[in-house]
Amino acid sequence: MFRLKELRMECGLKRSKVAEDLQMNAGTIANYENGIRQAPYECLIKFADYFDVSVDYLLGREEEQEILKTSSVLTAEEISLLAGYRKLGKLGKSRVAESIELWLDRN
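Everything in this summary refers to the structure shown in the same document. Remember, it's a predicted structure, so these values are computed and weren't measured experimentally.

1. Observations regarding the overall build of the protein
Phase 1 of the analysis: Within the protein, the regular secondary structure consists of eight helices and zero strands.
Phase 2 of the analysis: Counting from the amino terminus, helix and strand elements in the protein follow one another as α-α-α-α-α-α-α-α.
Phase 3 of the analysis: Counting all 107 residues of the protein, 26% fall into the buried class.

Shown next, in the form of structure tokens:
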């Protein structure tokens, strides 16, 4: 099961936004989401990087998110923060990383 549409919807993103961010055609993405066309591996890598998941997860070959939800290593707060982080685009993720570095430098 190709999870592209599921990931996009979970992140609250419009297809046009993903297309713009990845410099792709929204119609092409729609074809991938609806199973009309299969995404080439270059696109799979772009999508996986964009949504911060593995290609295997994107293709439905692993249940990465379920592992995170049931992990005793992460607290509920950490899981929530990670879920929010995954919804961010590249710019948002970059800003979060910068903020963390600033806070760590202060301590």
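Next comes the rest of the description.
2. Quick notes on the nonpolar core
Phase 1 of the analysis: Grouped together as the largest cluster of nonpolar side chains are 19 residues, with contacts concentrated most on Val18, Phe47 and Phe51.
Phase 2 of the analysis: Those elements giving two or more residues to this core turn out to be helix 1 (4-10), helix 2 (15-22), helix 3 (26-33), helix 4 (41-51) and helix 5 (55-58).
Phase 3 of the analysis: Sort the elements by how many residues they give to this core and helix 4 lands first, with five residues.
Phase 4 of the analysis: If we skip the residues at most four places from it in the chain, Val18 touches Arg8, Leu13, Ile29, Phe47, Tyr50 and Phe51.

3. Focus: the packing of helix 2 against helix 4
Phase 1 of the analysis: Running from amino to carboxyl end, helix 2 crosses helix 4 at an angle of 110°, the nearest separation of the two axes being 11 Å. Taken as axis vectors, helix 2 and helix 4 run roughly perpendicular relative to one another. Listed contacts from helix 4 to Lys17, Val18, Asp21 and Leu22 of helix 2 are Lys46, Phe47, Tyr50 and Phe51.
Phase 2 of the analysis: For the contact of helix 2 with helix 4, the per-class residue count stands at five nonpolar, no polar and three charged.

4. Thoughts on helix 3
Note on helix geometry: an α-helix contains 3.6 residues per turn, so any two residues three or four positions apart are oriented the same way.
Phase 1 of the analysis: Three or more residues of helix 3 are buried, namely Ile29, Ala30, Tyr32 and Glu33. One side of helix 3 holds all its buried residues, which, seen down the axis, span an arc of 160°.
Phase 2 of the analysis: In this fold, the buried residues of helix 3 make contact with helix 1, helix 2 and helix 4.
Phase 3 of the analysis: Its side-chain oxygen placed 2.6 Å from the backbone nitrogen of Gly27, Asn25 serves as the N-cap of helix 3.
Phase 4 of the analysis: One or two positions beyond helix 3, positive phi appears at Gly35, with a value near 75°.

5. A look at unusual backbone geometry
Phase 1 of the analysis: Backbone geometry places Gln23, a non-glycine residue, at a positive phi of 55°.
Phase 2 of the analysis: Backbone geometry places Asp52, a non-glycine residue, at a positive phi of 55°.

Analysis parameters
In every chain, residue numbers begin from 1 and rise along the written sequence. At least 70 in pLDDT is required for a residue's local features to be given in this predicted model, at least 80 for side-chain atom pairs to be given and counted, and no such filter applies to totals for whole chains, interfaces and linings, which use all residues. Excluding hydrogens and water, the side-chain values take into account all heavy atoms of the structure. Per the convention used, a helix needs a DSSP run of H or I reaching at least four residues, while a strand needs a run of E reaching at least two, with both numbered from the N terminus. For every residue, the accessible area (1.4 Å probe, protein chains only) is compared with the maximum for its type, and the residue is labelled buried under 20%, exposed over 50%, or partly exposed between those bounds. Put simply, a nonpolar core is a bunch of buried Ala, Val, Leu, Ile, Met, Phe, Trp, Tyr and Cys residues held in one set by side-chain atoms that sit within 4.5 Å of each other. Contact criterion: two residues are considered in contact whenever any of their non-hydrogen atoms come within 4.5 Å of each other. Interaxial angle, 0 to 180 degrees, is taken between N-to-C directions of lines fitted to C-alpha atoms, where a helix line uses only the stretch in contact. Our angle categories are set so that under 35 degrees counts as roughly parallel, over 145 as roughly antiparallel, 65 to 115 as roughly perpendicular, and the remainder as oblique. Three classes are used: nonpolar for Ala, Val, Leu, Ile, Met, Phe, Trp, Tyr, Cys and Pro, charged for Asp, Glu, Lys and Arg, and polar for all others, with Gly counted as polar. It is the directions from the helix axis to the C-beta atoms whose arc is reported. Think of a polar contact as two N or O atoms within 3.5 Å of one another; within protein, one of them needs to be a possible hydrogen donor and the other a possible acceptor, and neighboring residues in sequence only count if both atoms come from side chains.

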